[in-house]
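Residue-level listing of the chains:
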Amino acid sequence: MILAGGTGQIGKALILSYKDRVEELIVISRSKRKNRGNITYLQWNNLHSNDSLEKLDQADALINLTGKNVNCRYTPQNRKEIMESRTRSITDLCEVFEKTSNPPKVWIQAASATIYRHAEDREMTEVNGEIGHGFSENVCSLWESTFETETAKFTSMRKVILRTSLVLSQNDGVYPRLRKMAKLGFGGSQGNGKQMVSWIHEADVLGIIDFLIENEKLDGVFNCTSPFPIDNRSFMVGLRKSLGSTIGIPLNSLLMKIGAFVISTEAELVLKSRWVIPERLEKSGYEFKFAKLENALRNLILRTSVSCAAMAVTCLIAISSARAQEGH
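(A) Spotlight on the overall build of the chain. Within the chain, the regular secondary structure consists of 11 helices and 11 strands. Scored against the burial criterion, the 328 residues of the chain give a buried share of 48%. Sequence separation of at least 24 residues holds for 76% of the intrachain contacts in the chain that already meet a minimum separation of 6. Here the chain displays about 16700 Å² of accessible surface, and carbon together with sulfur accounts for 53% of that area. When the 42 positive and 36 negative side-chain charges of the chain are each reduced to one mean point, those points stand 7 Å apart.

(B) How the structure looks around a nonpolar patch on the surface. A cluster of nonpolar side chains, Leu254, Leu255, Ile258, Phe261 and Val262, forms an exposed patch at the surface whose accessible area comes to about 540 Å². The residue phenylalanine 261 is located in helix H8 (residues 253–262) in this model. Looking at phenylalanine 261, the relative accessible area reads 56%, which means it is exposed.

(C) Structural view of the packing of aromatic side chains. The tally for this structure, following the rule as stated, stands at 5 aromatic pairs. Centre to centre, the rings of phenylalanine 211 and tyrosine 286 are 5.5 Å apart; their planes meet at 70°, and the pair counts as edge-to-face. Here phenylalanine 211 is found in helix H6 (residues 202–214), whereas its partner tyrosine 286 is found in the loop between helix H10 (279–284) and helix H11 (293–327), with 75 residues between them in sequence. Under the relative-accessibility criterion, phenylalanine 211 is labelled buried at 13%. Measuring from centroid to centroid gives 5.0 Å for tyrosine 286 and phenylalanine 288, while their planes differ by 85°, and the two rings are edge-to-face. No difference in accessibility class separates tyrosine 286 from phenylalanine 288, as the two residues are buried. Here the aromatic residues Phe97, Trp107 and Phe147 are joined through ring pairs into a cluster of three or more. Sitting above the plane of the tryptophan 143 ring, arginine 86 keeps its charged end 4.8 Å from the centroid. Over the aromatic face of phenylalanine 222 sits the side chain of arginine 280, whose NZ or CZ is 4.0 Å from the ring centroid.

(D) Representation of helix H5 (residues 174–183) in the model. Every buried residue belonging to H5 is among Tyr175, Pro176, Leu178, Arg179 and Ala182, and all of these are buried. Angularly, the buried residues of H5 cover 165° about the axis, an arc narrow enough to put them on a single face. Positioned one or two residues after H5, glycine 185 has a phi angle of 100°, which is positive.

Here is what the cut-offs are and how they apply
Residues numbered from 1 in each chain as written. Predicted model: local features only at pLDDT ≥ 70, side-chain atom pairs only at ≥ 80, totals over all residues. Heavy atoms only, no water. Helix = DSSP H or I, 4+ residues; strand = E, 2+ residues; numbered from the N terminus. Buried < 20%, exposed > 50% of the residue type's maximum accessible area, 1.4 Å probe, protein only. Contact = heavy atoms within 4.5 Å. Areas by Shrake-Rupley, 256 points an atom, 1.4 Å probe, with all protein chains shown as cover. Lys, Arg positive; Asp, Glu negative; His and termini not counted. Charge placed at Lys NZ, Arg CZ, Asp CG, Glu CD. Patch = residues over 30% accessible without salt bridge, like charges linked within 9 Å, V, L, I, M, F, W, Y side chains within 5 Å. Salt bridge = Lys/Arg side-chain N within 4 Å of Asp/Glu carboxyl O. Phe/Tyr/Trp six-rings, centres within 6.5 Å; stacked < 30°, edge-to-face > 60°. Lys NZ or Arg CZ within 6 Å of the ring centre and 35° of its normal. Arc of directions from axis to C-beta.

Have a look at this one:
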């Protein structure tokens, strides 16, 4: 299996998920990394070497997550990097696989549910969803069209586009930041609170990727999101409840924009209404592990508590060991 872009939130989770289940996991990274066990790291600038081509040949699956993080100010330079990092990775990979005898059997390409327009009036599915217009939506559209055009030459390859929504993960992404805000008392609604939040638990992202790899008849576009999106106000209420936080100071649109500017990001990431439904996944038979927000938040709190407890035990063992050594 090949994983391009394995250093981000989902990439790290996929490495943990697959490293003990595949014969070899090849991770393509910008920086040089040391191989570990059955994990082989290749650098983007060395993919055309004979050794790399030999490693990449005859892979069962390719998952491409490559792309600059959009959690930044949309300056001209950042806009350029956001766009080019997504399209260039696809072009580069296609050029490499043209040199191999057997390209991957399936290519799962990361994309974003942000491709749909701001929607407070109705849900967006793969069939009836309306593509939006603006920088973020245009990036998503070019991302997907580049993938479709560049991979057309691989006629025997199965191709999947995964339009992923807001991913809730214990250690990275938006959840730890929202959790911190809520604990500080700023867990109220954001903007007018009516914008829809399409979200998905990290475990379901991994489950969906597994599902799509295993089901060889599935291809095309899939919305990777919970079947139960929720408005921002209710989302924040659920978050506060899971944390036992009673105070939730709301932040209007102006404050959100000022705050976003101060921390070098864009308010659009929170204020845009994403009302996205995973119609094709449901019809294909995927069963969500965490379909409802309440269950997803409860799981994240539990995992956080377990991690904290494990860390505390590790510290106690280290302290006891140090004292024992001092005694000798």
